[in-house]
Amino acid sequence: MELYIHFPFCRKKCAYCDFTSYANCSEALVFSYLTALKREITFAGERFPNAVIDTVYLGGGTPSLMTPREIESLFNKLRSAFKHFAPSEVSVEVNPESATDEVLSAFRDAGVNRVSMGVQSLSDDNLRSVGRVHDAATARAAAARIAKKFDNFSLDIIVGLPYDTPQLVREEVGEVGELAPHVSVYELTLEEGTPLASAVAEDRVWLPSDDEVAEYMDIAADVLSRGGIERYEVSNFAKRGFECRHNLGYWTREEYLGLG
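These notes cover the structure that comes with them. (Residues numbered from 1 in each chain as written. Predicted model: local features only at pLDDT ≥ 70, side-chain atom pairs only at ≥ 80, totals over all residues. Heavy atoms only, no water.)

Observations regarding the pairing of strand S7 (residues 153-159)
Then comes step 1: Where burial is concerned, most of S7 is hidden: 7 out of the 7 residues are buried.
Then comes step 2: With burial as the criterion, each face of S7 is covered, one bearing Phe153, Leu155, Ile157 and Val159 and the other bearing Ser154, Asp156 and Ile158.
Then comes step 3: In the sheet, strand S6 (residues 114-120) pairs with S7 via 5 bridges, with the strands oriented parallel. Along S7, the bridge assignment pairs Gln120 with Ile157. (Buried < 20%, exposed > 50% of the residue type's maximum accessible area, 1.4 Å probe, protein only. Helix = DSSP H or I, 4+ residues; strand = E, 2+ residues; numbered from the N terminus. Pairing = 2+ DSSP bridges.)

Re the state of the cysteines
Then comes step 1: Following the criterion strictly, the structure yields 0 disulfides and no others.
Then comes step 2: The closest cysteine sulfur to the non-disulfide-bonded Cys14 is located on Cys17, 6.3 Å from its own sulfur.
Then comes step 3: With no disulfide partner, Cys244 has as its closest neighbouring cysteine sulfur the one in Cys17, 19 Å distant. (Disulfide = S-S within 2.5 Å.)

Quick look at the sheet that holds S7
Then comes step 1: Pairing in this open sheet of 9 strands is mixed, and the strands run S9-S10-S8-S7-S6-S5-S4-S1-S11 from one edge to the other. Strands at the two margins of the open sheet, each flanked by one partner only, are strand S9 (230-231) and strand S11 (256-259).
Then comes step 2: For S7 and strand S8 (residues 182-187), the ladder comprises 6 bridges, and the chain directions are parallel. By the bridge assignment, Ile158 is partnered in S8 with Tyr186.
Then comes step 3: On top of the sheet, helix H6 (residues 166-179) reaches S7 and S8; it is set at about 170° to S7, its chief contact. (Contact = heavy atoms within 4.5 Å. Axes fitted to C-alpha atoms, helices over the stretch in contact; angles between N-to-C directions.)

Points about the side chain of Ser116
Then comes step 1: Here Ser116 lies in strand S6.
Then comes step 2: Beyond its immediate chain neighbours, meaning those up to four positions away, Ser116 contacts Tyr57, Val92, Glu93, Val94, Ser154 and Asp156.

Some thoughts on the pairing of S6
Then comes step 1: Of all 7 residues that make up S6, 7 are buried, and the element is covered over most of its length.
Then comes step 2: Where strand S5 (residues 84-94) meets S6, 4 bridges bridge the pair, whose relative direction is parallel. Among the inter-strand pairings, Ser91 is bridged to a residue of S6, identified as Arg114.

This is the structure we're talking about:
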């Protein structure tokens, strides 16, 4: 069984995001959520006593906002709740500004062996335009820290952002492909009700056309392939052996459980 765990808190909600996440929440609310989450983990272990946990994915939100103590406590609960907890892959999502050495070490010590970081763009103009709280330099520094602690990690890029051009996409995808063995390239989706959707509707922000975005995806796939990072799923590219087992499980309809 694959296990997905949600941590719905962020430092700031991005302008394009319609996921279940909440910004600038109090420590008391985070504590209450994690307490409830651990109860849910206990119930899940009782409901599925014979489940063999193959992969774990901790997503969000921004799980790297958790403290080392919270990280340790959460993974201790997973190990105690599921009798057959021996996952081959344990992934966690992080953001550049909160992927500190202390947090990365805490995840590694808790059993995490794969990190996925949302870079989204290496253009500061693009990052500002969609409300990201980090800049390109912060992302590069965080990628270097991750590479020192984890062999298996992914860097995420979004194409179709306001300042994207063929040359920019070619350069930034080429750079992340040199840094990481796995790259996710997502097309920007304009979700109804988000600040970015409102800005586009009011002509305060202009986005590339669908045809331009399709071109950017083709450029990304070509650049990554030339670097030995092959497409194995619609938005995911990896060197051989670095494919995300958890995400592949969704595509192949493996049994999974979502908590949080």
